[in-house]
There are 2 protein chains.
Amino acid sequence: MEKNIKIYDSTLRDGAQAEGISFSVEDKLKIVKALDELGVSYIEAGNPGSNPKDLEFFKRVKEIALNNTKLTAFGSTRRRNIKVQDDANVKSLLLADSPVVAIFGKSWDFHVKDIINTTLEENLNMIKDTVAFFKEKGKEVVYDAEHFFDGYKANQKYAMKTLEAAVDGGADSIVLCDTNGGCMPNEIYEITKSVVDTCKKEVGIHCHNDCGMAVANTVMAVLAGAKQVQGTYIGFGERCGNANLSTVIANLQIKKDYHCISKEKLELLTGVARKVAEIANVSLDAKEPYVGRAAFTHKGGMHIDGVNKSSKSFEHINPEIVGNERRFLMSEVAGRSTILKKIQKVAPDVKKDSPETMLIMDRLKELEHEGYQFEGAESTFELIIRKNLGKYKPFFILENFKTIGEKPNETGKLTAFAMVKVNVDDKIKMVAAEGDGPVNALDKALRQALEMFYPELKKVHLTDYKVRVLDTKEATAAKVRVLITSTDGVHQWSTVGVSTDIINASLIALIDSIEVKLLRELTNKMKAYI
Amino acid sequence: MEKNIKIYDSTLRDGAQAEGISFSVEDKLKIVKALDELGVSYIEAGNPGSNPKDLEFFKRVKEIALNNTKLTAFGSTRRRNIKVQDDANVKSLLLADSPVVAIFGKSWDFHVKDIINTTLEENLNMIKDTVAFFKEKGKEVVYDAEHFFDGYKANQKYAMKTLEAAVDGGADSIVLCDTNGGCMPNEIYEITKSVVDTCKKEVGIHCHNDCGMAVANTVMAVLAGAKQVQGTYIGFGERCGNANLSTVIANLQIKKDYHCISKEKLELLTGVARKVAEIANVSLDAKEPYVGRAAFTHKGGMHIDGVNKSSKSFEHINPEIVGNERRFLMSEVAGRSTILKKIQKVAPDVKKDSPETMLIMDRLKELEHEGYQFEGAESTFELIIRKNLGKYKPFFILENFKTIGEKPNETGKLTAFAMVKVNVDDKIKMVAAEGDGPVNALDKALRQALEMFYPELKKVHLTDYKVRVLDTKEATAAKVRVLITSTDGVHQWSTVGVSTDIINASLIALIDSIEVKLLRELTNKMKAYI
């Protein structure tokens with residue numbers, strides 16, 4: 001029995017259809033890198049026909065060397081009663097210049113007649129023509145049979161004909177979509193099986209979660225013989241979302257012995273989930289299977305006792321397999337070995353039971369309790385380790401600052417002043433700057449002051465600045481977490497700050513960012529003497 | 001075929017095992033009332049043996065006349081090697097004085113031997129003795145076979161013997177528990193079916209969501225013949241939670257024609273979900289099947305067009321069936337007809353081609369280009385419509401403001417001052433306030449100033465505050481979008497502001513939030529004169 005399953009991630013396309021989700025081109029590039037490293041087979045990255053911004057992404061993404069993943073552009077069959085080559089959407093798809101295109105077409109007779117207002121015959125032509133057009137252009141073509149299950153239930157014969165049209169056009173795979181998410185697992189199993197038994201091409205599955213069944217339906221389709229699995233990495237999507245691929249991969253690979261990604265990459269599942277959530281600026285549900293913060297968290301005393309005797313007593317798998325960790329709410333014992341690995345990068349001699357390890361573990365717990373999160377902020381994490389190992393001396397002291405904000409004038413620009421006083425080796429420098437709001441003014445003033453001492457900082461600028469409000473119920477007095485990414489044109493690094501005041505949170509991340517750069521410069525200079 | 005299913009809700013017992021969930025006695029009484037009105041068959045309301053507070057609840061709950069529901073107290077079998085009547089936990093269970101008791105016992109030989117350290121034989125006695133004891137006391141007894149599926153897979157013969165012990169003791173129903181949540185739907189179906197085929201008593205199912213399968217597993221068990229369904233109303237529970245009963249009820253009753261609650265009560269599903277979330281002080285996931293705020297929300301233009309032609313084109317059921325509602329998001333991809341519907345709420349005479357419609361569409365495009373996004377900020381959208389139709393007069397003018405931010409002192413609190421000057425009908429008021437950062441200080445000052453003119457604002461507070469940085473490449477000079485949600489204890493509304501300065505963005509959203517409240521008060525007062 002063939003147990004290889006191709007994972008097809010649509011976080012950037014179907015995921016972007018979710019309420020509150022909107023990705024910048026930079027966001028998309030970061031997610032592509034993370035998913036490629038994880039090893040998904042396809043990334044459906046945009047719909048160039050309906051969203052012109054996506055074409056910029058498809059240009060920019062060529063800068064990234066992908067190791068595992070084929071990029072896919074998504075679009076519709078041609079419109080009724082025109083030639084494929086005259087269809088604007090089809091032309092945009094070509095401009096994306098991706099090795100794979102996904103074409104969706106109508107399977108449900110009701111949709112053909114009442115929604116896109118054409119004949120059943122013309123719809124078959126639209127499917128076949130469009131697929132054939134892209135095959136002639138040398139593309140791998142994934143055919144998405146929209147509303148396939150609803151169509152099959154309403155008019156089985158016609159639904160099957162639409163698949164035949166795609167096969168006749170030359171489609172490489174045929175994906176059965178439960179577009180409205182209304183099907184039950186037993187239906188999905190039976191209908192998928194009947195297609196797999198007759199279809200000459202690879203069959204895929206695309207499920208939505210309107211009945212809370214997206215993951216189950218996906219697994220049942222695979223058990224029925226589907227070889228390609230579409231979904232979004234942490235379940236974003238229209239309405240109730242798409243099949244959550246982080247859950248699907250873990251279920252198929254750990255529970256059912258299918259092969260979706262390299263075995264050694266399974267431990268990235270949790271980290272990638274948290275990274276995608278952070279980039280999308282949403283909180284990952286703590287209850288998320290496998291990857292959520294509470295997925296291996298025990299509160300009841302009897303459960304904690306049981307897990308201490310043997311983890312399988314109340315855990316279906318070992319959390320380390322998916323890169324997650326066990327937490328006990330009564331007596332917190334965090335994943336020490338993960339942290340040890342990071343410490344050993346700075347101080348290779350430190351052991352699991354060294355007092356330094358305990359010290360850093362305690363400090364980390366404190367910081368996490370304050371709202372820090374180090375996923376995607378490895379540089380701040382490294383500085384914390386150095387500070388606690390005594391392997392660190394600050395490059396400057398921010399002695400004082402003040403900001404003044406004002407009602408904007410007619411132009412609406414330059415609404416704030418900032419003054420800073422820095423101390424570098426007992427030399428004092430004071431600088432004032434104007435900016436768009438107090439954070440920007442403070443950023444400018446601090447950089448100007450420090451560049452006089454450290455000209456190498458002139459090359460540094462921020463490439464990303466994200467603000468996340470924690471405990472949103474506290475409203476304007478809530479804590480915020482600021483994540484910034486900096487570059488000097490060669491390297492890129494990220495730092496994090498938390499405070500109830502956004503100015504302070506930004507400043508903490510900014511100071512760390514500058515320290516990281518200066519530390520790296522110093523290390524490089526030292527190398528000449530070793 | 002018998003299609004009646006008994007719904008057994010454990011929100012107050014298993015749900016309270018979740019991280020962050022803790023119910024007061026008052027909370028519990030409110031939830032009991034809501035679930036009884038909905039019509040669930042059983043409410044498992046506490047574990048008097050492990051939680052002495054629960055005894056107070058069982059006393060207080062007698063004040064409530066229940067119409068549909070039987071109250072259940074939950075506890076363990078007796079401990080090994082003692083008499084049932086001497087077991088402290090058993091005695092507490094009796095004190096609860098509930099018509100039903102649920103007794104859980106061990107089904108998995110590994111748990112018997114390695115976790116509770118007794119013999120396989122003694123475990124069978126513990127089950128039979130405890131069930132028999134409560135039957136003699138006249139109780140209805142539900143027997144929860146903990147870890148049944150894991151036990152069945154490890155030692156089928158012994159797992160079945162534990163069920164026989166409960167049946168011999170006189171149990172009224174036998175509930176198969178996937179305690180660790182590690183099973184797949186096909187396994188649950190097959191194992192449940194084999195038990196249903198041989199067991200003389202009613203069989204129930206209790207699933208956890210560690211593989212994202214709790215709802216699917218529950219439905220599959222019902223298809224295999226289970227007649228009782230345990231879960232928690234919106235999925236709270238240890239680790240990844242329990243089977244979500246709001247989803248299970250809708251799936252069984254709407255999709256599979258089972259009878260769980262009265263048909264006319266289905267429309268309470270959404271309201272009860274929101275009430276339980278509110279009482280538990282958590283946000284209900286917008287993506288929650290059937291009952292979430294986004295469950296029938298459409299963003300893509302093609303989906304909106306389709307639903308406008310026929311709702312079944314992109315909705316698996318009509319949202320009204322479960323008391324939810326359809327929403328169209330105001331986004332770049334939304335069409336003119338969506339916007340027209342919103343305009344007509346304010347001005348019913350405006351048509352699709354009216355100049356007002358064009359004007360508002362243009363203004364929206366401008367605002368979206370500036371970074372505004374109206375999904376989830378319908379109140380700002382309403383104000384924009386009013387302003388562009390001339391149906392609006394501001395309740396106050398913010399004449400001026402200043403903020404001063406400072407390096408935090410040792411306590412790290414109160415890092416900012418704000419001064420505001422407001423003008424209401426040419427009366428001027430100036431107020432200063434301190435806060436955690438300039439946004440918080442300004443929020444406080446503005447409210448204090450306006451409450452003197454509009455005392456009704458005292459009831460208003462923010463429940464949510466979200467910040468999203470746009471164009472993150474612009475770093476600290478980037479635009480931010482601030483989304484705030486406010487409540488006056490009765491209504492809830494959301495507003496949005498965009499600026500390169502977070503203070504201004506927050507202020508724009510805040511001013512709109514206040515205007516919305518004052519407009520609503522005015523409209524209510526006017527109604528008396530119409």
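Everything quoted here is computed from the prediction, not taken from an experiment.

Cut-offs applied
Here the residue index of a chain counts from 1 through its sequence in written order. Whichever chain is written first is A, and whichever ligand is written first is 1; the rest continue in order. It should be noted that, the model being predicted, local features are given only for residues of pLDDT at least 70 and side-chain atom pairs only at 80 or more, the latter also being counted only at that level, while totals for whole chains, interfaces and linings use all residues. Runs of E in the DSSP output that reach at least two residues are strands. Runs of H or I that reach at least four are helices, and both are numbered from the N terminus. We take the radius of gyration over the C-alpha atoms and set the globule estimate at 2.2 Å times the residue count to the 0.38 power. Counts of 20 or more other C-beta atoms within 10 Å of a residue's own C-beta define buried residues, counts of 12 or fewer define exposed ones, and intermediate counts define partly exposed ones; C-beta atoms are placed from the backbone. Here, residues touch in the contact sense if the C-beta positions derived from the backbone fall within 7 Å of one another. Note: two strands are recorded as paired if DSSP finds a minimum of 2 bridges between them. When the strands point away from the viewer, a crossover counts as right-handed if the path from the first strand over the helix to the second runs clockwise. Classes in brief: Ala, Val, Leu, Ile, Met, Phe, Trp, Tyr, Cys and Pro nonpolar; Asp, Glu, Lys and Arg charged; the others, Gly included, polar. Expected span of a helix: the number of residues minus one, times 1.5 Å. The term nonpolar core refers to a group of buried residues, namely Ala, Val, Leu, Ile, Met, Phe, Trp, Tyr and Cys, whose C-beta atoms join them within 7 Å. UniProt positions are given in the numbering used here, feature names are shortened, and annotations may be inferred rather than shown by experiment. All axes are obtained by fitting lines to C-alpha atoms, using only the stretch in contact for helices, and the reported angles, taken between N-to-C directions, cover 0 to 180 degrees. In these notes the angle categories are as follows: under 35 degrees is roughly parallel, over 145 is roughly antiparallel, 65 to 115 is roughly perpendicular, and the rest is oblique. The handedness criterion is simple: a crossing whose near helix is rotated anticlockwise from the far helix by less than a right angle is left-handed, and one whose near helix is rotated clockwise is right-handed. Every residue is assigned a pLDDT by the predictor, reflecting its confidence on a scale from 0 to 100.

Visitor: When you look at the overall build of chain A in this model, what are you seeing that I'm missing?
Guide: When you go through chain A residue by residue, the secondary structure sums to 17 helices and 16 strands. At 27 Å, chain A has a C-alpha radius of gyration in line with the 24 Å of a compact globule built from 530 residues. On the principal axes, the C-alpha backbone points of chain A span a range of 85 × 65 × 50 Å. Across the 530 residues in chain A, those meeting the buried criterion constitute 53%. Within chain A, residue pairs in contact and separated by at least 24 positions form 67% of the contacts whose partners lie at least 6 positions apart.

Visitor: Please clarify how the pairing of strand 3 (residues 70–76) of chain A should be interpreted in this entry.
Guide: Sheet faces and side chains relate simply in a regular strand, where the side chains alternate between the two faces. All names here are of chain A. Taken across its 7 residues, strand 3 has 6 buried, putting it largely inside the fold. For strand 2 (residues 42–46) and strand 3, the ladder comprises 4 bridges, and the chain directions are parallel. Bridge pairing links Ile 43 to Leu 71 in strand 3. With respect to chirality, the unit in which strand 2 leads through helix 2 (residues 53–60) into the neighbouring parallel strand 3 is right-handed. In terms of handedness, the path from strand 3 via helix 3 (residues 88–96) over to strand 4 (residues 100–106) forms a crossover that is right-handed.

Visitor: Could you clarify how one ought to interpret the interface of chain B and chain A in this entry?
Guide: Interface size is commonly expressed as the accessible area that is lost once the parts come together. Across the contact, 93 residues belong to chain B and 95 residues belong to chain A. Per element, the largest residue contribution to the side of chain B that touches chain A is 8 residues, and it comes from strand 14 (residues 461–469) of chain B. Here the side of chain B that touches chain A is composed, by residue class, of 35 nonpolar, 34 polar and 24 charged.

Visitor: I would appreciate a short explanation of helix 8 (residues 185–198) of chain A in the present structure.
Guide: In an α-helix, one turn spans 3.6 residues, which is why side chains three or four residues apart end up on the same side. For helix 8 of chain A, which comprises 14 residues, the first-to-last C-alpha distance of 20 Å matches the rise-based estimate of 20 Å (1.5 Å per residue) to within 8%. Burial in helix 8 of chain A covers these residues: Pro185(A), Ile188(A), Tyr189(A), Ile191(A), Thr192(A) and Val195(A).

Visitor: Mind showing me how you'd approach the nonpolar core here?
Guide: General note: in soluble globular proteins, nonpolar side chains tend to be found buried as a group. Among the nonpolar cores identified, the biggest contains 202 residues, and Tyr143(A), Leu176(A), Leu269(A), Val276(A), Tyr143(B), Leu176(B) and Leu269(B) are the most heavily contacted of them. If we skip the residues at most four places from it in the chain, Tyr143(A) touches Ile103(A), Gly105(A), Val131(A), Ala166(A), Ala171(A), Ser173(A), Ile174(A) and Val175(A). Counting 88 residues, the second-largest nonpolar core is a separate cluster that includes Ile343(A), Ala509(A), Ile339(B) and Ala445(B).

Visitor: Help me understand the UniProt feature "domain: Pyruvate carboxyltransferase" (unreviewed entry) in chain A, please; the structure alone is not making it clear to me.
Guide: Mapped onto this structure's residue numbering, the UniProt feature "domain: Pyruvate carboxyltransferase" (unreviewed entry) falls at residues 5–267 of chain A. Counting secondary structure, residues 5–267 of chain A comes out at 42% helix and 17% strand; the distance between its end C-alpha atoms is 18 Å.

Visitor: Would you mind going over the environment of Thr247(A) with me for this structure?
Guide: The residue Thr247(A) is located in helix 10 (residues 245–255) in this model. Take Thr247(A): there are 31 C-beta atoms within 10 Å of it, and that puts it in the buried class. Considered as a pair, Thr247(A) and Phe133(A) are 114 residues apart in the sequence and their alpha carbons are 36 Å apart. In contact with Thr247(A), other than residues within four places in its own chain, are Val215(A), Pro289(A), Tyr290(A), Cys211(B) and Gly212(B).

Visitor: I keep staring at the pairing of strand 5 (residues 140–146) of chain A and nothing clicks. Help me out?
Guide: All names here are of chain A. Where burial is concerned, most of strand 5 is hidden: 6 out of the 7 residues are buried. Note: strand 4 against strand 5, 7 bridges, orientation parallel. Paired with Val 101 across the two strands is Val 141, which belongs to strand 5. Bridging between strand 5 and strand 6 (residues 173–178) involves 4 bridges; their strand directions are parallel. Each residue of the ladder has a partner; that of Tyr 143, found in strand 6, is Ile 174.

Visitor: Explain the sheet that holds strand 3 of chain A here, please?
Guide: Across a sheet, strands are paired by hydrogen bonds formed along the backbone, either parallel or antiparallel in direction. All names here are of chain A. The strand order around the closed barrel formed by 8 strands is 1-2-3-4-5-6-7-8, and the pairing between neighbours is parallel. Each strand of the sheet is rotated relative to its neighbour by a mean of 25 degrees, with strand direction disregarded. One ladder, built from 3 bridges, connects strand 7 (residues 202–207) with strand 8 (residues 228–231); its direction is parallel. The residue of strand 8 that forms the bridge with Ile 205 is Val 229.

Visitor: For this particular structure, what's the right way to read the packing of helix 14 (residues 355–370) of chain A against helix 15 (residues 378–389) of chain A?
Guide: Describing two packed helices takes the angle between their axes plus the distance from one axis to the other. Residues and elements named next belong to chain A. At a closest axis distance of 10 Å, the pairing of helix 14 and helix 15 adopts a crossing angle of 130 degrees. In terms of orientation, helix 14 lies oblique with respect to helix 15. The way helix 14 lies across helix 15 gives a crossing that is right-handed. In this structure, helix 14 uses Glu 356, Leu 359, Ile 360 and Arg 363 to contact helix 15, whose residues at the interface are Ile 384, Ile 385, Asn 388 and Leu 389. When the residues that make up the contact of helix 14 with helix 15 are grouped by side-chain class, the tally is 5 nonpolar, 1 polar and 2 charged.

Visitor: For this particular structure, what's the right way to read unusual backbone geometry?
Guide: Glycine aside, residues mostly have negative phi, and peptide bonds are mostly found in the trans state. The phi dihedral of Asn117(A) falls on the positive side, at around 50 degrees, and the residue is not glycine. Note on placement: Asn117(A) falls in the loop between helix 4 (109–115) and helix 5 (120–136).

Visitor: Help me out: how do you make sense of the sheet that holds strand 16 (residues 492–499) of chain A in this one?
Guide: Residues and elements named next belong to chain A. Strand order across the open sheet formed by 3 strands is 14-15-16, with antiparallel pairing between neighbours. The open sheet has two edge strands, strand 14 (461–469) and strand 16, and neither has a second partner. Taking each pair of neighbouring strands and ignoring which way they run, the sheet shows an average axis angle of 15 degrees. Both strand 14 and strand 15 (residues 480–487) contribute to a ladder of 8 bridges, which runs antiparallel. When the sheet's bridge partners are listed, Tyr 465 is paired in strand 15 with Ile 484.

Visitor: I tried to follow the packing of helix 16 (residues 437–451) of chain A against helix 17 (residues 502–527) of chain A on my own but got confused; where do I start?
Guide: All names here are of chain A. Axis separation between helix 16 and helix 17 bottoms out at 10 Å; the angle between their running directions is 30 degrees. The angle between helix 16 and helix 17 falls in the class roughly parallel. In this structure, the crossing between helix 16 and helix 17 has a hand that is right-handed. From helix 16, Pro 438, Val 439, Leu 442, Asp 443, Leu 446 and Leu 450 reach across to helix 17, where they touch Ile 502, Ile 503, Ser 506, Leu 507, Leu 510 and Ile 514. Of the residues belonging to the contact of helix 16 with helix 17, the class tally is 10 nonpolar, 1 polar and 1 charged.

Visitor: Please clarify how the environment of Asp197(B) should be interpreted in this entry.
Guide: Residues and elements named next belong to chain B. Assignment of secondary structure puts Asp 197 in helix 8 (residues 185–198). Residue Asp 197 is classed as exposed on the basis of its 10 C-beta neighbours within 10 Å. Along the sequence, Asp 197 and Glu 136 sit 61 residues apart, while their C-alpha atoms lie 28 Å from each other.

Visitor: Would you take a moment to explain the environment of Val322(A) for this structure?
Guide: Residues and elements named next belong to chain A. Relative to the assigned elements, Val 322 resides in the loop between helix 12 (301–309) and strand 10 (327–328). Between the alpha carbons of Val 322 and Ser 246 there is a distance of 9.5 Å; along the sequence they are 76 residues apart. In contact with Val 322, other than residues within four places in its own chain, are Ala 250, Leu 266, Glu 267, Leu 269, Thr 270, Tyr 290 and Val 291.

Visitor: When you look at the confidence of the model for chain A in this model, what are you seeing that I'm missing?
Guide: Keep in mind that low pLDDT regions are not for reading the predicted coordinates in detail. All names here are of chain A. Counting all residues, the mean pLDDT for chain A is 90, and 95% of those residues have values of 70 or more. Long-range and interchain partners of residues 330–334, a stretch whose pLDDT sits below 50, account for 7 contacts in this model, where long-range means more than four residues apart. Reported confidence for the predicted complex is 0.77 by ipTM and 0.77 by pTM.

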